[in-house]
Amino acid sequence: QVQLVESGGGLVQTGDSLRLSCAASGRTFSTYDMAWFRQAPGKEREFVAHIDRSGTATDYADSVKGRFTISRDNVKNTVDLQMNSLKPEDSAVYYCAAAPRYRSILSKLSELRYNYWGQGTQVTVSS
């Protein structure tokens, strides 16, 4: 089992950068795929980025590709999301999520794959 705690959210202006971090408890962090999702008011939660267990393979939603970078540190048990060139439409609550290996049959873009979630951190981008 793993517990996730996000940090780093805040209020920024269009074009600014922000770095989110997710700290995971437990000694088996490296056995989990990790992802970031986000949910804006009145909208469904959506996939943002995914990183595999080793940190060598990443995937991004088209809306953030080229602006966001996901990374992980399997020694520090953290997964980060570097967000550059932020836009007002990036405003949302951002969630960190973890998926154990046995759920890898499910799509990495789907919430169903991930059975551990953080509490979320708010990102607001003003225009």
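Quick note: structure is the one above.
These remarks concern the structure in this document.

About the criteria used
- Residues take numbers from 1 onward in each chain, read along the sequence in its written order.
- Local features in a predicted model are, by the rule used here, given only for residues with pLDDT of at least 70; side-chain atom pairs are given and counted only at 80 or more, and totals for whole chains, interfaces and linings are based on all residues.
- As a convention, hydrogens and water are excluded, and side-chain values are obtained from all of the structure's heavy atoms.
- Here, two cysteine sulfur atoms that lie within 2.5 Å of each other are counted as a disulfide.
- Here a helix means four or more residues in a row that DSSP labels H or I, a strand means two or more in a row labelled E, and each is numbered from the N terminus.
- Buried residues are those whose accessible area, probed at 1.4 Å on protein chains only, stays under 20% of the maximum for their type, while exposed residues exceed 50% and partly exposed ones sit between those limits.
- Between N or O atoms, a polar contact is any pair within 3.5 Å; within protein, one atom must be a potential hydrogen donor and the other a potential acceptor, and residues adjacent in sequence are included only when both atoms are from side chains.
- Two residues qualify as a contact provided that any one of their heavy atoms is within 4.5 Å of a heavy atom in the partner residue.
- Think of it this way: DSSP has to see at least two bridges between two strands before they count as a pair.

This next bit is on the state of the cysteines. Applying the stated criterion across every chain yields a total of 1 disulfide. The partner cysteine of Cys-22 in its disulfide is Cys-96, sulfur to sulfur 2.2 Å. Between Cys-22 and Cys-96, the S-S torsion sits near -80°, and that sign places the bridge as left-handed. Residue Cys-22 is located in strand E3 (residues 18–24), and its partner Cys-96 is located in strand E9 (residues 92–100); the two are separated by 74 residues in the primary sequence.

Once that is clear, we can look at the side chain of Arg-38. With respect to the secondary-structure elements, Arg-38 resides in strand E4 (residues 32–39). Residue classification places Arg-38 among the buried residues on the basis of a relative accessible area of 5%. For Arg-38, the side chain forms a polar contact with the side chain of Glu-46, separated by 2.6 Å. Within the local environment of Arg-38, its side chain forms a polar contact with the side chain of Ser-63, the two groups lying 3.5 Å apart. Once residues within four sequence positions are removed from consideration, Arg-38 is found in contact with Glu-44, Arg-45, Glu-46, Val-48, Ser-63, Val-64, Phe-68, Glu-89, Asp-90, Ala-92, Val-93 and Tyr-94.

On a regular strand, each side chain points to the face opposite its neighbour's, so the side chains alternate between the two faces of the sheet. Among the 8 residues in E4, 7 count as buried, and that is most of the element. Looking at chain direction, E4 and E9 are connected through 8 bridges and run antiparallel. Its bridge partner being in E9, Met-34 is matched across the sheet by Ala-98. As paired elements, E4 and strand E5 (residues 46–51) share 5 bridges and run antiparallel to each other. The residue of E5 that forms the bridge with Arg-38 is Glu-46. If you look at the hairpin formed by E4 and E5, you'll find 6 residues sitting between the two strands, and Gly-42 has a positive phi there, around 75°.

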